[in-house]
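Observations on the model geometry
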Amino acid sequence: MAALCISFLFQLLFCLVFSLPTGRNSICGYKSCPATNPSMLNVHLVPHTHDDVGWLKTVDQYYYGDRNNIQHAGVQYILDSVIDQLQKDPARRFIYVEMAFFYRWWRQQSQNTRRIVTQLVNEGRLEFINGGWCMSDEATTHYSAVIDQMTLGLRFLNDTFGECGRPRVAWHIDPFGHAREHASIFAQMGYDGFFFGRLDYQDKARRMKTKEMEMLWRASESLTPPLADLFTGVLPNGYNPPAGFCWDQSCNDAPIRDDPDLEDYNVDEIVQWFLNVSYDQAAFYKTNHIIMTMGSDFQYENANLWYKNMDKLIKYVNALQAKGSKVNVLYSTPSCYLQDLNLANLTWPLKTDDFFPYADDAHDFWTGYFTSRPALKLYERLSNSRLQTCNQLEVLGGPKSTSGPFGEGDSDTMKRAMGVAQHHDAVSGTEKQHVAYDYARRLATGWAHCEVLVRNSLAVLSGSESPRVFCENLNISVCPLTESSQKFSMNVYNPLGRTVNWPVRLPVNGSLYSVTDTNGKVVDSQVVPLSQSTQQMRRNRGYAKGELVFQVEAPPLGYTTYIISMLKDEPPASSAKPIATRSIQNKFLKVTFDDTTGLLSSLTNLETNQTIRLTQNFYWYNASAGNNKESPQTSGAYIFRPNSSDPFVINKTAEIQIVTVSSTVQEVTQQFSPWVSQVVRLYEGHRELELEWTVGPLPIADGLGKEVITRLDTDIESSDYFYTDSNGREVLERRKDYRPTWDLKQTEPIAGNYYPINSRAYIKDDKHQLTVVTDRSQGASSIYNGSLEIMLHRRLLHDDFRGVGEPLSEPGEFLDGLVARGRLLLTLTPPNMAADVHRPLAQGMVLQPLLSFQDGTPPTNIKLEFSGLQAALPPAVHLLTLSQWDKDSVLIRLEHQYQAKESKTHSQPVTVNLQKLFSTLEVLGASEMSLGANQWKEDMNRLQWNTAKASKPLPLSAKDPSPWEVTLNPMEIRTFLLRVRQL
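Worth saying up front: this structure is predicted, and the values here are computed from it rather than measured.

1. Observations regarding the overall build of the chain
Within the chain one finds 17 helices and 46 strands. A compact globule built from 983 residues should have a C-alpha radius of gyration of about 30 Å, and the chain, at 29 Å, falls within 12% of that. Taken over the C-alpha atoms alone, the chain extends approximately 95 × 70 × 55 Å along its principal axes. Total accessible area on the chain is roughly 34,700 Å²; 50% of this is exposed by carbon and sulfur atoms. Positive and negative charge centroids in the chain, built from 94 and 108 side chains respectively, lie 3 Å apart.

2. A closer look at the pairing of strand 29 (residues 706-714)
Taking burial as the measure, the nine residues of strand 29 include nine buried ones, the bulk of the element. Pairing of strand 29 with strand 36 (residues 787-795), which is carried by eight bridges, proceeds in the antiparallel orientation. Each bridged residue has a counterpart across the sheet, and for T710 the counterpart in strand 36 is I790.

3. Some details on the sheet that holds strand 15 (residues 500-508)
Backbone-to-backbone hydrogen bonds join strands into a sheet, with any given pair of strands oriented parallel or antiparallel. Ordered in space as 15-18-17, the three strands form an open sheet in which the pairing is antiparallel. Edge strands, defined here as strands with exactly one partner in the open sheet, are strand 15 and strand 17 (525-529). Ignoring strand direction, the axes of neighbouring strands in this sheet form an average angle of 30°. Bridging between strand 17 and strand 18 (residues 546-554) involves five bridges; their strand directions are antiparallel. Its bridge partner being in strand 18, S525 is matched across the sheet by F550.

4. So, the nonpolar core
Within the largest apolar cluster, 129 residues are counted, with the highest numbers of intra-cluster contacts made by F102 and Y300. Looking at which element gives the most residues to this core, the answer is helix 10 (residues 303-319), with eight residues. Formed by 50 residues, the second largest nonpolar core is a distinct cluster that contains M150, F196, A219 and L341.

5. Things to note about helix 6 (residues 143-161)
Taking 1.5 Å as the rise per residue, helix 6 with 19 residues should run 27 Å; its terminal C-alpha atoms sit 27 Å apart, in good agreement. Note on helix 6: the residue one or two positions beyond its end, G162, has a positive phi of about 65°.

6. So, the sheet that holds strand 6 (residues 214-218)
Strands sit in the order 4-5-7-6-11 across an open sheet of five strands; the sheet is mixed. Of all strands in the sheet, those bounded by a partner on one side alone are strand 4 (169-172) and strand 11 (350-351). As judged from the two bridges shared by strand 6 and strand 11, these two strands associate in the parallel manner. The partner of L216 across the bridge, within strand 11, is L350. Contacts between helix 7 (residues 180-188) and the sheet are confined to strand 4, strand 5 (193-196), strand 6 and strand 7 (229-234), with strand 7 contributing the most and set at about 120° to the helix.

7. Examining empty space enclosed by the protein
One pass over the full model with this rule turns up seven cavities of 30 Å³ or more. If you go around the largest cavity, you meet 13 residues; those closest to its centre are Y143, G728, R760, R839 and Q843. If one sorts the elements of the lining of the largest cavity by residue count, helix 17 (residues 834-846) sits on top with four residues.

8. Here we look at helix 11 (residues 334-343)
Extensive coverage of helix 11 is indicated by the burial of eight of its ten residues. Among all positions in helix 11, only P334, S335, C336, Y337, L338, D340, L341 and N342 are buried.

9. A word on the pattern of salt bridges
Counted under the stated rule, the structure contains 50 salt bridges. Note that R541 is salt-bridged to E813, the shortest N-O span being 2.7 Å. Of this pair, R541 sits in the loop between helix 16 (532-538) and strand 18 while E813 is found in the loop between strand 36 and strand 37 (820-829), placing the two residues 272 residues apart along the sequence. Looking at R541, the relative accessible area reads 36%, which means it is partly exposed.

10. A short note on the packing of helix 12 (residues 374-397) against helix 14 (residues 433-462)
Remark: helix 12 packs on helix 14, axes separated minimally by 9 Å, with the N-to-C direction vectors making an angle of 30°. In terms of their interaxial angle, helix 12 and helix 14 are classed as roughly parallel. Seen from above, helix 12 lies across helix 14 with left-handed handedness. Residue-level inspection shows L376, Y379, E380, S383, R386, C390, L393, E394, L396 and G397 of helix 12 in contact with helix 14, the latter providing A436, A440, L443, A444, W447, C450, L453, V454, S457, L458, V460 and L461. Class assignment for the residues of the contact of helix 12 with helix 14 results in 16 nonpolar, three polar and three charged.

11. Description of the environment of V773
Along the chain, V773 falls in strand 34 (residues 769-774). Taking the C-alpha atoms as reference points, V773 and H838, separated by 65 residues in sequence, lie 7.2 Å from one another. Among all residues touching V773, those that are not within four sequence positions of it are S759, R760, R823, L824, L825, H838, L841, A842 and M845.

12. Digging into the domain arrangement of the chain
Interface size is commonly expressed as the accessible area that is lost once the parts come together. Each domain of the chain was delimited in the assignment, giving domain 1 (42-131 + 167-355), domain 2 (391-396 + 412-562), domain 3 (617-846) and domain 4 (877-982). When each unit is reduced to the centre of its C-alpha atoms, the spacing between domain 3 and domain 4 is 35 Å. Residue-level contacts link nine residues of domain 3 with 14 residues of domain 4. Considering only the side of domain 3, the residues that lose the most area to domain 4 are R729, R839 and Q843, jointly responsible for 51% of the buried surface there. In this structure, the connection of domain 3 to domain 4 is made through two salt bridges. E895 serves as the salt-bridge partner of R729, at 3.0 Å between the closest nitrogen and oxygen. Along the contact surface separating domain 3 from domain 4 lie eight residue pairs in polar contact (both at pLDDT 80 or more). Looking at the side of domain 3 that touches domain 4, its residues break down into three nonpolar, two polar and four charged.

13. Details of the packing of helix 6 against helix 12
It is the contact of helix 6 with helix 12, at a shortest axis distance of 10 Å, that shows an interaxial angle of 65°. Relative to helix 12, the crossing made by helix 6 is left-handed. Mapping the contact onto sequence places S144, A145 and D148 in helix 6 and E380, N384, L387 and Q388 in helix 12. Each residue belonging to the contact of helix 6 with helix 12 can be placed in one class, and the counts come to two nonpolar, three polar and two charged.

14. As for the UniProt feature "domain: Glycoside hydrolase family 38 central" (unreviewed entry) in the chain
UniProt's entry tags residues 364-443 with the feature "domain: Glycoside hydrolase family 38 central" (unreviewed entry), counted in the numbering of this structure. Helix makes up 56% of residues 364-443 and strand makes up 5%, while its end C-alpha atoms are separated by 32 Å.

15. Quick notes on the environment of E692
Along the chain, E692 falls in strand 28 (residues 689-695). The exposure class of E692 is buried, given its relative accessible area of 13%. If we ignore the near neighbours within four places in the chain, the residues touching E692 are S677, Q678, V679, R681, R821, G822 and R823. A distance of 3.3 Å separates the side chain of E692 from the side chain of R681, its partner in a polar contact.

16. Some details on the state of the cysteines
Under the criterion given, the structure shown has five disulfides. Here C246 connects covalently by a disulfide to C251, the sulfurs 1.8 Å from one another. Residue classification places C246 among the buried positions, given a relative accessible area of 9%. Here the chain pairs its bonded cysteines, counted in sequence order, in the arrangement 1-3, 2-6, 4-5, 7-8, 9-10. Lacking any disulfide linkage, C134 is separated from the closest cysteine sulfur, that of C450, by 18 Å.

17. Brief notes about the packing of aromatic side chains
Evaluated as defined, the whole model comprises 47 aromatic pairs. Pairing Y63 with Y64 gives two aromatic rings, centres 5.0 Å apart and planes at 85°, and the pair type is edge-to-face. Residue Y63 is classed as buried on the basis of its relative accessible area, which comes to 0%. Judged by centre distance (5.9 Å) and plane angle (50°), the ring pair of Y307 and Y331 falls under tilted. Separated by 24 residues along the polypeptide, Y307 in helix 10 and Y331 in strand 9 (residues 327-331) bring together distant segments of the chain. Given the relative accessible area of 6%, Y331 is considered buried. Among the aromatic residues, ring-to-ring pairing joins Y96, F102, Y103, W105, W106, F128, W133, F156 and F161 into one connected group. Taking NZ or CZ as reference, R735 lies 4.5 Å from the ring centre of Y738, over its face.

18. Considering the side chain of S222
Counting through the fold element by element, S222 comes out in the loop between strand 6 and strand 7. Taking the relative accessible area as the measure of exposure, S222 reaches 6% and is therefore buried. Polar contacts involving the side chain of S222 include one to the main-chain amide nitrogen of A900, which spans 2.9 Å.

About the criteria used
Residues numbered from 1 in each chain as written. Predicted model: local features only at pLDDT ≥ 70, side-chain atom pairs only at ≥ 80, totals over all residues. Heavy atoms only, no water. Helix = DSSP H or I, 4+ residues; strand = E, 2+ residues; numbered from the N terminus. Rg over C-alpha atoms; globule rule 2.2 N^0.38 Å. Areas by Shrake-Rupley, 256 points an atom, 1.4 Å probe, with all protein chains shown as cover. Lys, Arg positive; Asp, Glu negative; His and termini not counted. Charge placed at Lys NZ, Arg CZ, Asp CG, Glu CD. Buried < 20%, exposed > 50% of the residue type's maximum accessible area, 1.4 Å probe, protein only. Pairing = 2+ DSSP bridges. Axes fitted to C-alpha atoms, helices over the stretch in contact; angles between N-to-C directions. Core = buried A, V, L, I, M, F, W, Y, C linked by side-chain atoms within 4.5 Å. Expected span 1.5 Å × (residues − 1). Contact = heavy atoms within 4.5 Å. 1 Å grid on protein atoms, 1.4 Å probe; cavity = no way out; pocket = protein on both sides within 12 Å on 5 of 7 lines; lining within 4 Å. Points joined across faces, edges and corners; volume = space filled by probe spheres on them. Salt bridge = Lys/Arg side-chain N within 4 Å of Asp/Glu carboxyl O. Parallel < 35°, antiparallel > 145°, perpendicular 65-115°, else oblique. Left-handed = near helix turned anticlockwise from the far one by under 90°. Nonpolar A, V, L, I, M, F, W, Y, C, P; charged D, E, K, R; others polar. Domains from an automatic or database assignment. Buried area = accessible area lost by both parts, 1.4 Å probe. Polar contact = N/O pair within 3.5 Å; in protein donor to acceptor, adjacent residues only side chain to side chain. UniProt positions renumbered as here; feature names shortened; annotations may be inferred. Disulfide = S-S within 2.5 Å. Phe/Tyr/Trp six-rings, centres within 6.5 Å; stacked < 30°, edge-to-face > 60°. Lys NZ or Arg CZ within 6 Å of the ring centre and 35° of its normal.

Spelled out as structure tokens, the structure:
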């Protein structure tokens, strides 16, 4: 049993809330599917609308139909019109996808309308597909945020409609390439199939020839099949109707004129055209079933136009069956179409890689958006970290977290903001500028609500109700409290399930400080001067003269407190000095710099006695302005198209000096140009080299768009292979100028070799692996043997003609161009030891400690340290989710964060006792759920598919040793609803 025995009563009671009754006459799901004809070609018409959760207009503008001068679109009118039309004929069907819109619409409806909609859902006439808060991007999203936004939408559907609201099919018709990890997530959430619209033009041509437009996607090399297997289909027309059959008010196709007394009667012509289109499409698919998407962007505001013409189409095409026609047309849904494919009982081709990069023509690679809007990408990633902290502290602090001494706080606002931010035109960076501002504003509003909750929770846990502040601008060394206070305390909350050591940098004005931990022990610290780039970025917003640098250690899922006192109230002396030794090192790493160029020259791992040649520099590709002889395609928000394969070096040398050498940190600044600089850092006790880059504003006075990269050149014999993560989880092998599933004709030697990275990329040979961990999603490639390049920033002067309608030229805060700052963490290890370092390093980058400050000396009676766990989790285990579900229950996800075979130590099954997890919660019951938390695990029953045998041996799974002991296999995520009591 997936549900623990002790939780049986809990599960029965919880079902009353978790799953609303669907009604006595519910015939939803596969039971509601219309009959098809086995001896005919069945054409499944799927009425749908694709409603972007922000793109050319903001979410609010799209919902209300505002600013139609930009784009005519009003989601509320779409839903009003569709519900009206569905009631007029029980044969009609409609699917809806984006819960961010439907949730809002539903809250505004009368009880009578809700009753009508519920009946339509119960009868399968209105079906929810995908069901997340948005249709997430697949290249630039992190798996934890994807799971959260899906859970948010799926829970709303379950709470509102019960089992009939549960989607069976994932539907990503617009994202620009498809990630293997997304498919794995959908499979683990219980989806039976997945349909998408965009596929590389070369891949599509091959699949059409071989009838492999539908396949089984094996989306994990670590999970035992069929756990991550997902039937996947490529839609024939993207997500649009076939040419000639668009009957929306925004279209120009002829309606069906069926009055024979009128001279413009066109039934015979349209029916024949439809039959031709149907047979043409069927030639590329394996069964006697085909699907046609009848709708597109923001269509069905006047649904009568669509349904009136589709009713006629079905009537007149099917009437020809009496004359021998073998085409049967019906209203359908993706799940009904999927069921018929499953009933065909065929053997399907197997897919094991992913669908990146995506190109829609020879010179049109959609690889620029991997990096577009780098500041928004970072803000979204940091917001994800804050949301997890908010969720955790809501649980740990109990009921007073949401209503306490600092007022009313909540996590829901942040959940919805993050749900919107995962949209494929949000974190992707492919929206208009005013919409990007709106996404950022929503995240800021969400954090403002969470801030109150966090203050309340920390007050409960610590016993201190003193005012607490959060410094939002520490990345540019601005924090009014630390800059002005003589003595203050700093709370460090750690959202990870293990102890973390983290370097802290606080803006200060003194030259000497005392830092003590909870035991009164003095912590080594150093005041270092501000870098020149930081001073430029602040622009009079702060007045700190230096940064206080020290390292903190925080307990798992808990906090600790540090007391900081100024000892010398005088400006810090500049310690900048010319390099003497041309190297810096701690006990783990040594870095050398070239005497002539000032660039990095080597990296040594002192533990393993490894040294590689390592040169790093910054370059920019000249973005195509559309004057290329081969193609007019330009670089834009979506597309990366450089004018040349050879980037311009920003500077062959770097002005270099040591800022500080101390027992805490060693720093070297490098100035490459007025708009590119870098700080190279080695923190004491750390096994990674930090490169903090600052790029911008990108100059455009020369009339040239710029796409800035940093390139690491080594003597590693990588042989054209490199490796990138998929949404922050499993790593995929890449190879220059190669695709695993077809013979690639490479037409763009740079853009055609770029892939998305969410948290890491690496190159390796038999002896060495250089891994780069990133702080946000970016584009990366390996163009030369032994090199790895990462795109950091883009500023373009032309639109790329993919719909956004404006150049990607972010004005920045001061309207002279955006300045972006970020961090890359480099590790050098033997390949068989690399995962032991980069896995926890990447998790630490994603879930960062939250710092908060209180002025003065803390009272003596408060609790300075706390851990929500009884003990640290095993190194292979990550606490992915800890979130309040309702008054007496919490949702948790435990994750094995290692792939099979990547670590000798950690790529093994590991067991966790649910009753021995938390220090402040007594676990009374536990029931296992699907990954999306909308089904009990024991009730999951997915469609099974036949496929060709895999070439690799399949991994095996270890079982749970007892009801309370949960075993995690490599890459496995297990989701539980716990009934708890606060201790």
